[in-house]
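# Structural overview for review
Now for the letters of each chain:
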Amino acid sequence: MQKYDIAIIGGGVLGTTISYWLSTLYDLKVCVVEKEPDVAMHSSTRNSGVIHYPFYLNPKQKKNFARAAFLSHDMWKVLAREKNIPWVQGGTIEIALDEEQHKTLERYMVLGKENGLTEEDISILDSNELKQKEPNLNCYSGLYCTKEGSTNYGLLTKAISELSKKNGTDILLKHDVKNVEETSDQVNLTFSDNSTLTTSFVINCSGGNSLDIAKKFGLLDDYSDLHFRGEYWVADSDIKNLVKTNIYTVPRYLEFPFLDPHWIKKANGETEIGPNAVPVDSPEAYDSFITDIPTALSKISDIVTGSAKKLVLNPDFISLVSKEFLSSISKSAMVERVKKFIPAIKPENFPKRGTSGIRTPVISPEGNFVSEMIEIEGKNSFHVVNYNTPGATGAPAYSAFVVKKLQEKGILTQPKNQKDSIWNFNEIIG
Ligand SMILES: Cc1cc2nc3c(=O)[nH]c(=O)nc-3n(C[C@H](O)[C@H](O)[C@H](O)COP(=O)(O)OP(=O)(O)OC[C@H]3O[C@@H](n4cnc5c(N)ncnc54)[C@H](O)[C@@H]3O)c2cc1C
């Protein structure tokens, strides 16, 4: 039976970046266990690919996400340049459609400054200035962030996992963790083919399954999660360059973690609109199709117990899910929403679907969506749950925060030095 010092469950962007830091700082026997035939087969590839910069994140409610996104920007840029991975810094305009939404943009300017952004990074443009910059865009005003752009997080994850592997990390593919058995000083993992592995410590970064894995360790029993598929439509060549910048809208429902439709300039040169939020029954239900709202809602009711029930009974939530659901079955409903700010588009300009991805927001025992990632320690384990957007952007720095936390808890020693690395640990955690 193989014995490791640390086993990381999940070969997404988070698990692989943590493994990279460990491989540059320590001589430990580390493995990443991933159930798929390759790393980054779920959210870390199936996302909008937007490089976020934290002008819109409240540093009190989303401190870790905001700090990590701020610090990670240049770290990813270095890796993308070195590995020839697309990195397009075309900027994002977050638009307000009326005066009320404009107040949110003003608030974002304050939050952005609190997060360390400067006036070179963010500014508010009025409708005339926006007409000059983007003649086909219709709105009241917009916050322009120059640092945002697009990349391919799947390729970045593969690149970092290769570097980690070169430093000695074992990337164990097709290893689907089914059972966990803890003794006083070690954890035995059993995989779906009944093979096993023993480790002194586990770091759980299993994305949409991370709450289920934490529960196998007897943690977060009162929490629940829901799964929402985000779908996209690809613009045809007639309209894909109507607007050259990513366009985000001020969210209509600040209290619910759904994103409103965006106009996304992908790193591969395509333009997409989306995502919506279709309730589905698992973190990997990319193709299942539900044909009516009652079925969609009963799917949620079927799978929820405890805290999620409180949320599902909330009438605002039901109405939101119904509206989101409608825009998912109907391409024209999604196009209608985007038409509010890019009037020249039509449904027939979006002949094919893009790659869908699934978000898994976690619900607290009180029945609310949790805004930050949840970090929780077990006897021989550390878990990151609810690692949602902008998690791909923030992974290089956030993974260093996790390593620092394990040092502070005495689980990892203080490293003497860092081996050759594309990123400097002390600069990030300093
Ligand atoms: C639709 C959508 C759009 C998004 N857009 C953006 C964006 O534009 N910018 C941004 O910064 N972020 C975005 N995000 C968020 C970002 O993609 C995620 O925060 C990030 O990818 C999460 O990484 P992860 O490593 O935690 O999870 P994942 O990438 O899901 O990795 C978890 C891994 O664990 C593995 N695993 C699960 N269970 C087991 C098991 N039992 N045994 C072994 N392995 C297991 C899975 O196979 C998977 O590979 C978006 C997310 C979605 C869904």
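Here the structure is a predicted model, which is why all the values come from computation and not from measurement.

### Some thoughts on the site of the ligand
Surrounding the ligand, one finds 38 residues, the nearest of these being Glu34, Ser44, Val177, Asn209 and Thr393. In this structure, Leu14 approaches the ligand through a main-chain N or O atom, which is 3.1 Å from an oxygen atom. At 3.0 Å from an oxygen atom of the ligand is found a main-chain nitrogen or oxygen belonging to Val50. For the ligand, the accessible surface in isolation is 1,000 Å², of which the surrounding protein chains cover 97%. Every element with two or more residues in the shell around the ligand is listed here: α1 (13-25), β21 (357-359) and α11 (391-408).

### A word on the pattern of salt bridges
Using the criterion set out here, one finds 14 salt bridges in the structure. Residue Glu231 pairs with Arg229 through a salt bridge whose shortest N-O separation is 2.9 Å. Between Glu375 and Lys405 there is a salt bridge whose closest N-O contact spans 2.7 Å. Of this pair, Glu375 sits in strand β23 (residues 374-377) while Lys405 sits in helix α11, and the two are 30 residues apart along the sequence. The structure contains a network of salt bridges with shared partners spanning Lys35, Glu36 and Glu284.

### Description of the sheet that holds strand β19 (residues 278-280)
A sheet is described by the order of its strands in space; here three strands give the open sequence β19-β14-β21, paired in antiparallel fashion. Each edge of the open sheet carries a strand with a single partner, namely β19 and β21. For this sheet, the mean angle separating the axes of adjacent strands, direction not counted, is 40°. Sheet topology places strand β14 (residues 227-230) next to β21; three bridges connect them, and they run antiparallel. By the bridge assignment, Phe228 is partnered in β21 with Arg359.

### Focus: the packing of aromatic side chains
On inspection of all chains with the given rule, the structure shows 12 aromatic pairs. Ring geometry for Phe55 and Tyr56: centres 5.2 Å apart, planes at 70°, overall edge-to-face. With 6.2 Å between their ring centres and 85° between their planes, Tyr398 and Phe401 make a pair best called edge-to-face. Separated by three residues within a single helix, Tyr398 and Phe401 lie in helix α11, roughly one turn from each other. There is no split in this pair, since Tyr398 and Phe401 are both buried. Through successive ring pairs, a cluster of aromatic residues spans Tyr20, Trp21, Trp76, Tyr153, Trp423 and Phe425. Sitting over the face of the ring of Tyr232, Lys266 holds its NZ or CZ atom 6.0 Å from the ring centroid.

### Let's talk about the environment of Ala214
Residue position: Ala214 is located in helix α6 (residues 210-216). With relative accessibility at 0%, the residue Ala214 sits in the buried group. Taking the C-alpha atoms as reference points, Ala214 and Phe65, 149 residues apart in sequence, are found 21 Å from one another. Dropping the residues within four chain positions of it, Ala214 is found in contact with Asn204, Leu219, Leu220, His383 and Val385.

Analysis parameters
- Residues numbered from 1 in each chain as written.
- Predicted model: local features only at pLDDT ≥ 70, side-chain atom pairs only at ≥ 80, totals over all residues.
- Heavy atoms only, no water.
- Near = heavy atom within 4 Å.
- Polar contact = N/O pair within 3.5 Å; in protein donor to acceptor, adjacent residues only side chain to side chain.
- Areas by Shrake-Rupley, 256 points an atom, 1.4 Å probe, with all protein chains shown as cover.
- Helix = DSSP H or I, 4+ residues; strand = E, 2+ residues; numbered from the N terminus.
- Salt bridge = Lys/Arg side-chain N within 4 Å of Asp/Glu carboxyl O.
- Pairing = 2+ DSSP bridges.
- Axes fitted to C-alpha atoms, helices over the stretch in contact; angles between N-to-C directions.
- Phe/Tyr/Trp six-rings, centres within 6.5 Å; stacked < 30°, edge-to-face > 60°.
- Buried < 20%, exposed > 50% of the residue type's maximum accessible area, 1.4 Å probe, protein only.
- Lys NZ or Arg CZ within 6 Å of the ring centre and 35° of its normal.
- Contact = heavy atoms within 4.5 Å.

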